[in-house]
Amino acid sequence: DAGVTQSPTHLIKTRGQHVTLRCSPISGHKSVSWYQQVLGQGPQFIFQYYEKEERGRGNFPDRFSARQFPNYSSELNVNALLLGDSALYLCASSAIVGNQPQHFGDGTRLSIL
Amino acid sequence: QQPVQSPQAVILREGEDAVINCSSSKALYSVHWYRQKHGEAPVFLMILLKGGEQKGHDKISASFNEKKQQSSLYLTASQLSYSGTYFCGTEIDKTSYDKVIFGPGTSLSVIP
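It should be emphasised that the depicted structure is a prediction, and the values quoted were computed from it without experimental measurement.

A.B. asks: Just to check I follow, could you spell out the packing of aromatic side chains for this structure?
C.D. replies: The geometry of two aromatic rings is summed up by the distance between their centres and the angle between their planes. Within the structure shown, the criterion is met by nine aromatic pairs over all chains. Ring geometry for A:Tyr35 versus A:Phe104: centroids 5.6 Å apart, planes at 50 degrees, classification tilted. Placement of the pair is A:Tyr35 in strand S4 (residues 31-37) and A:Phe104 in strand S10 (residues 103-104), with a sequence separation of 69 residues. Across this residue pair, the class does not change: A:Tyr35 and A:Phe104 are buried. Ring geometry for A:Phe47 against A:Tyr49: centres 6.1 Å apart, planes inclined by 55 degrees, an arrangement best described as tilted. Residue classification places A:Tyr49 among the buried positions, given a relative accessible area of 6%. Clustering of aromatic rings is evident, with ring pairs tying together A:Tyr35, A:Phe45, A:Phe104, B:Tyr34, B:Phe44 and B:Phe102.

Structure, rendered in structure tokens:
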């Protein structure tokens, strides 16, 4: 079975632009979470979606938004990019919600110039 | 509130043992442990639930003291493949909807 897939793998943007990152969960998984990982730090929770509804939101500005589609894939959108948004963006899926193993994709490396 | 991990970094020779600690200022329902190798995604190792027992597989095990809000990861007879950064992740209740809060990580290097 395919694992969590994310696209694109790398992205270079300039300040002020917007970006859309995509994630396909493991087949049968209904929960998708997004994390931001800055070099040398642990992943920081951004959003969690379950059954197409936002169930959790981390301490990120409104420039960050996400959605989940009927096939459980998900998009993370970031507007008005700042230099500080440069990071590895990880998507994780789990079968159900609540205290479940998180299965991570390889991430999207976003660089802001 | 981000959990605290100690030590920040550790270097081991093959065959040596290590303990990585994770503590939180909040009451916890579960603790996750993940390992991330350089340039790769974090990989799930194990999850410990409130009221659960110590878990382990192969030579890696973990404990969870819910009264002290602490968890420890034990690596015995370390192998080169154990190298990487270990993260603990915490959930504060049963319905936290996978809002896993990760610690800053512990870098583990195993040398021959």
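A.B. asks: Is there a simple way to explain the interface of chain A and chain B in this structure?
C.D. replies: How big an interface is tends to be reported as the loss of accessible area on association of its parts. If you look at the interface, chain A gives 26 residues, while chain B gives 23 residues. Buried surface at the junction of chain A and chain B, summed over both partners, amounts to about 1800 Å²; 56% is from carbon and sulfur atoms. At the boundary of chain A with chain B, the tally comes to two residue pairs in polar contact (both at pLDDT 80 or more). Only S4, strand S5 (44-50), strand S6 (53-57) and strand S9 (87-94) of chain A provide two or more residues apiece to the side of chain A that touches chain B. For the side of chain A that touches chain B, the leading source of residues is S4(A), giving four residues.

A.B. asks: Could you clarify how one ought to interpret the sheet that holds strand S7 (residues 64-68) of chain A in this entry?
C.D. replies: Two orientations exist for strands paired in a sheet by backbone hydrogen bonds: parallel and antiparallel. Residue and element names in this part refer to chain A. One open sheet accounts for four strands, arranged S1-S3-S8-S7; its pairing is antiparallel. Both edges of this open sheet fall to strand S1 (5-7) and S7, since each of them pairs with a single strand only. On average, adjacent strands in this sheet sit at an angle of 15 degrees to one another, irrespective of strand direction. In this sheet, strand S3 (residues 19-24) lies alongside S1 in antiparallel orientation, the contact comprising three bridges. By the bridge assignment for S3, Thr5 is matched with Ser24.

A.B. asks: Sorry if this is basic, but what is going on with the pattern of salt bridges here?
C.D. replies: Two side chains with opposite charge may pair up if their charged atoms get near one another. Residue and element names in this part refer to chain A. Under the criterion given, the structure shown has five salt bridges over all chains. With its nearest N and O atoms 3.5 Å apart, the salt bridge here joins Lys30 to Glu51. In this pair, Lys30 sits in the loop between S3 and S4 while Glu51 sits in the loop between S5 and S6, placing the two residues 21 residues apart along the sequence. For Lys30, a relative accessible area of 30% corresponds to the partly exposed category. Across the pair Asp85 and Arg63 runs a salt bridge whose closest N-O atoms are separated by 2.8 Å. Here Arg63 lies in the loop between S6 and S7 and Asp85 lies in the loop between strand S8 (74-78) and S9, a separation of 22 residues in the sequence. Residues Asp85 and Arg63 agree in their burial class; the two are buried. Sharing partners across several salt bridges, the network here consists of Arg22, Arg67 and Glu75.

Cut-offs applied
- Residues numbered from 1 in each chain as written.
- Chains lettered and ligands numbered in written order.
- Predicted model: local features only at pLDDT ≥ 70, side-chain atom pairs only at ≥ 80, totals over all residues.
- Heavy atoms only, no water.
- Phe/Tyr/Trp six-rings, centres within 6.5 Å; stacked < 30°, edge-to-face > 60°.
- Helix = DSSP H or I, 4+ residues; strand = E, 2+ residues; numbered from the N terminus.
- Buried < 20%, exposed > 50% of the residue type's maximum accessible area, 1.4 Å probe, protein only.
- Contact = heavy atoms within 4.5 Å.
- Buried area = accessible area lost by both parts, 1.4 Å probe.
- Polar contact = N/O pair within 3.5 Å; in protein donor to acceptor, adjacent residues only side chain to side chain.
- Pairing = 2+ DSSP bridges.
- Axes fitted to C-alpha atoms, helices over the stretch in contact; angles between N-to-C directions.
- Salt bridge = Lys/Arg side-chain N within 4 Å of Asp/Glu carboxyl O.

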